[in-house]
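Coordinate analysis (summary)
In case you want the letters, here they are:
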Amino acid sequence: MKKIIDTLHGTIQTPAFLPDATYGAIKSLSFEDVEATGTESLVTTTLHLEQKLDHRYIKEFGGLHKFFNWNKPILTDSGGYQVFSLIYRNPNKRNAITDAGCSFVDYTSGKYQLLTPEISQIIQFHLGADIVTVLDVPLRNDASTADMKEAIKRNTEWAKRSKDKFLELHQLTEKDFSDPKIKRPLIGAVIQGGNNFDLRKQSAEELQEIGFDLYNFGGPPIHKEKNWYQNAPKGFNRELLEFVANLLPQDSVKYAMGIGSPDDIIYSSQVGWDIFDTVLPTRNARHGYLYVSKGYGDKSYEHYDVVHIRSKRYEFDEQPIDPLTPCDITKNISRAYLRHLIRTKDPAGWRIASIHNLMFYQNMIKQLQK
RNA sequence: GCAGGGAUGGCGGAGUGGUCAAACGCACCAGACUGUAAAUCUGGCAUCUUACGAUUACGGGGGUUCGAGUCCCUCUCCCUGCA
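Reading the values: rules and limits
- Residues numbered from 1 in each chain as written.
- Chains lettered and ligands numbered in written order.
- Predicted model: local features only at pLDDT ≥ 70, side-chain atom pairs only at ≥ 80, totals over all residues.
- Heavy atoms only, no water.
- Helix = DSSP H or I, 4+ residues; strand = E, 2+ residues; numbered from the N terminus.
- Rg over C-alpha atoms; globule rule 2.2 N^0.38 Å.
- Buried < 20%, exposed > 50% of the residue type's maximum accessible area, 1.4 Å probe, protein only.
- Contact = heavy atoms within 4.5 Å.
- Areas by Shrake-Rupley, 256 points an atom, 1.4 Å probe, with all protein chains shown as cover.
- Expected span 1.5 Å × (residues − 1).
- Domains from an automatic or database assignment.
- Buried area = accessible area lost by both parts, 1.4 Å probe.
- Core = buried A, V, L, I, M, F, W, Y, C linked by side-chain atoms within 4.5 Å.
- Patch = residues over 30% accessible without salt bridge, like charges linked within 9 Å, V, L, I, M, F, W, Y side chains within 5 Å.
- Salt bridge = Lys/Arg side-chain N within 4 Å of Asp/Glu carboxyl O.
- Near = heavy atom within 4 Å.
- Polar contact = N/O pair within 3.5 Å; in protein donor to acceptor, adjacent residues only side chain to side chain.
- Nonpolar A, V, L, I, M, F, W, Y, C, P; charged D, E, K, R; others polar.
- Pairing = 2+ DSSP bridges.
- Phe/Tyr/Trp six-rings, centres within 6.5 Å; stacked < 30°, edge-to-face > 60°.
- Lys NZ or Arg CZ within 6 Å of the ring centre and 35° of its normal.

Under an unreviewed UniProt entry, chain A has the name Queuine tRNA-ribosyltransferase family protein and belongs to Candidatus Dojkabacteria bacterium.

Dropping the structure here:
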């Protein structure tokens, strides 16, 4: 079901793919570049941005849109996923998750920090986001059922507190919240429950009871290994994605966080999810992993091929990256030359590859919008 | 000419009698990455083999030893002092 999401900075047509500007930038790209890829809105994360730029600075400057000079929708993540990832991957005696929130040592500064549902809302409020996210409780992939149940309980409580803070910050009543005439940012809550269908159902029901603008799919649980997927099953549980989408009203906005590969997005879109974000196209671009049309790569997946551009096989390849992904910026660049740029770690190569991959994603999304 | 030091795999550079096909870098080959601690990470990298394994290797030649990249002799080349 195609939807138009109305935000304070324009509309978002779904399905939509939002690239991740984690530290306030899509790495190696200008916002003009980002726009050239057909990107209409983007995601940035509360925690990482806060590490580099205090939200009071952004507030003083005049908000993220002004700071970026980006006048289209911005969705902010709560920092939940990031802080949990940080805590699990960098054990420290002072890291703790309690009902109050997350306290942890920021490994970059050594500073002791606190992130609560309320603080996350305050930060996102001052950033001036169009769509905000509640601080949620992601799970470790080795969590027991008992731990998961507890996490769901806390996740719901935090969502409630987040919404309360949101209403307070915007000086709204619960009645105002449901009034379509009152313009305000949108707020999304995150459905958790790991791979447990019953817990997902419980989580979805409890969050709907509170009432949000968006319902988000909290992706695969946090993995403690450095490579999160080292020992984890590949990809997403498709059955679960369909199941969770069906727990929500058809006309509700559904945001599948962190999803995913082109195949994952196409599938998720077909079963009802509207918004997607993932680092894959941009991070992979910098690593020389390019998404191309079927028949044009060296490795084949369901709906796309991959070009490992650093490979020797492209040494004398004069073709463009993907003839079926037309782009003014990349059309005259041969695979052979891009190979050289990526191999020499030249920022120009990261830029070209990132533009291409985002273009590929946005073209795919445009097909889904038809 | 004399005295001393050194020559190790594509490169740099460990190693001083056995566990050395040789640490560690770099380069090279292949791969991974899903609400970005990711300009990162993982394999491989003498030759033959899918692998087990086998063979040839530490400037050249000769020797000591059960065993030498490691000790001795000699040759070649390079560096540093003294003439």
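This part is about the overall build of chain A. Looking only at helices and strands, chain A has 14 helices and 16 strands in total. Since a compact globule built from 370 residues should have a radius of gyration of about 21 Å, the 20 Å found for chain A is in line with a globular shape. Referenced to the eigenvectors of the C-alpha coordinate spread, the extents of chain A come out at roughly 60 × 45 × 45 Å. Burial status across chain A gives 54% buried among its 370 residues. Excluding contacts between residues fewer than 6 apart, the proportion of contacts in chain A whose partners are at least 24 apart in sequence is 64%. Of the roughly 16900 Å² of accessible surface on chain A, a fraction of 50% belongs to carbon and sulfur atoms.

A separate point is helix α7 (residues 145-169). Look at α7: 36 Å from first C-alpha to last across 25 residues, which is about the 36 Å you get at 1.5 Å a residue. Immediately downstream of α7, the backbone of Gln 171 shows phi near 55 degrees, a positive value.

What follows is about the domain arrangement of chain A. We note that the domain assignment places domain 1 (4-278) and domain 2 (284-369) within chain A. Each of domain 1 and domain 2 was reduced to a C-alpha centroid, and the two centroids are 29 Å apart. In this assembly, 24 residues from domain 1 lie in contact with 21 residues from domain 2. Interface area for domain 1 against domain 2, summed over the two sides, is near 2000 Å², with a carbon-plus-sulfur share of 65%. Three residues stand out in domain 1 for area buried against domain 2, namely Thr 37, Pro 262 and Asp 263, and they jointly supply 28% of the buried area on that side.

Core analysis: the largest hydrophobic core is formed by 89 residues, its most contacted members being Phe 212, Phe 217 and Trp 273. Residues Ala 285, Leu 290, Val 307 and Ile 342 belong to the second largest nonpolar core, which totals 13 residues.

Turning next to a nonpolar patch on the surface. Taken together, the side chains of Tyr 57, Phe 61 and Phe 67 present a nonpolar region at the surface, about 250 Å² in accessible area. Within the fold, Phe 61 resides in helix α3 (residues 55-61). Overall, the relative accessible area of 34% leaves Phe 61 in the partly exposed class.

So, about the pattern of salt bridges. Across all of its chains, the model carries 20 salt bridges by this definition. Put simply, Glu 168 and Lys 165 hold a salt bridge, and the shortest N to O gap is 3.3 Å. Here Glu 168 and its partner Lys 165 are both found in helix α7, three residues apart, which amounts to about one turn of the helix. Through salt bridges with shared partners, a single ionic network connects Glu 35, Glu 40 and Lys 72.

Lining the immediate surroundings of RNA strand B are 50 residues, of which Gln 82, Tyr 107, Gly 258, Arg 286 and Trp 350 lie closest. Among the atoms of RNA strand B close to the protein, meaning within 4 Å, 53% are from sugar or phosphate groups. Within the side chain of His 308, a nitrogen or oxygen atom sits 2.6 Å from a phosphate oxygen of RNA strand B. Arg 339 is positioned such that a nitrogen or oxygen atom in its side chain is 3.2 Å from a phosphate oxygen of RNA strand B. Within the residue set of the surface near RNA strand B, elements represented by two or more residues are α5 (80-89), α12 (280-286) and α13 (335-343). Looking at the surface near RNA strand B element by element, the count peaks at five residues for α12. Considered class by class, the residues forming the surface near RNA strand B number 13 nonpolar, 19 polar and 18 charged.

Pairing of strand β7 (residues 102-105) with strand β8 (residues 112-115) involves four bridges; the strand directions are antiparallel. By the bridge assignment for β8, Val 105 is matched with Tyr 112. Between β7 and β8, which pair antiparallel and follow one another directly, the connecting turn spans six residues, one of which, Gly 110, has a positive phi of 80 degrees.

What the rule picks out here adds up to 17 aromatic pairs. Relative to Tyr 361, the ring of Phe 17 lies with its centre 4.8 Å away and its plane at 50 degrees, an arrangement referred to as tilted. Here Phe 17, found in strand β3 (residues 16-17), pairs with Tyr 361, found in helix α14 (residues 347-369); they are 344 residues apart in sequence, far enough to count as distant. Per residue, the accessibility class of Phe 17 equals that of Tyr 361, and both read buried. Relative to Phe 243, the ring of Phe 197 lies with its centre 4.8 Å away and its plane at 50 degrees, an arrangement referred to as tilted. Of this pair, Phe 197 sits in helix α9 (residues 197-210) while Phe 243 is found in helix α10 (residues 238-245), placing the two residues 46 residues apart along the sequence. The partly exposed category is assigned to Phe 197, whose relative accessible area is 26%. Aromatic ring contacts, followed pair by pair, group Phe 17, Tyr 289, Tyr 291, Tyr 301, Tyr 304, Phe 360 and Tyr 361 into a single cluster. One Lys or Arg, Arg 184, reaches over the ring of Phe 177 and ends 3.9 Å from the middle of that ring.

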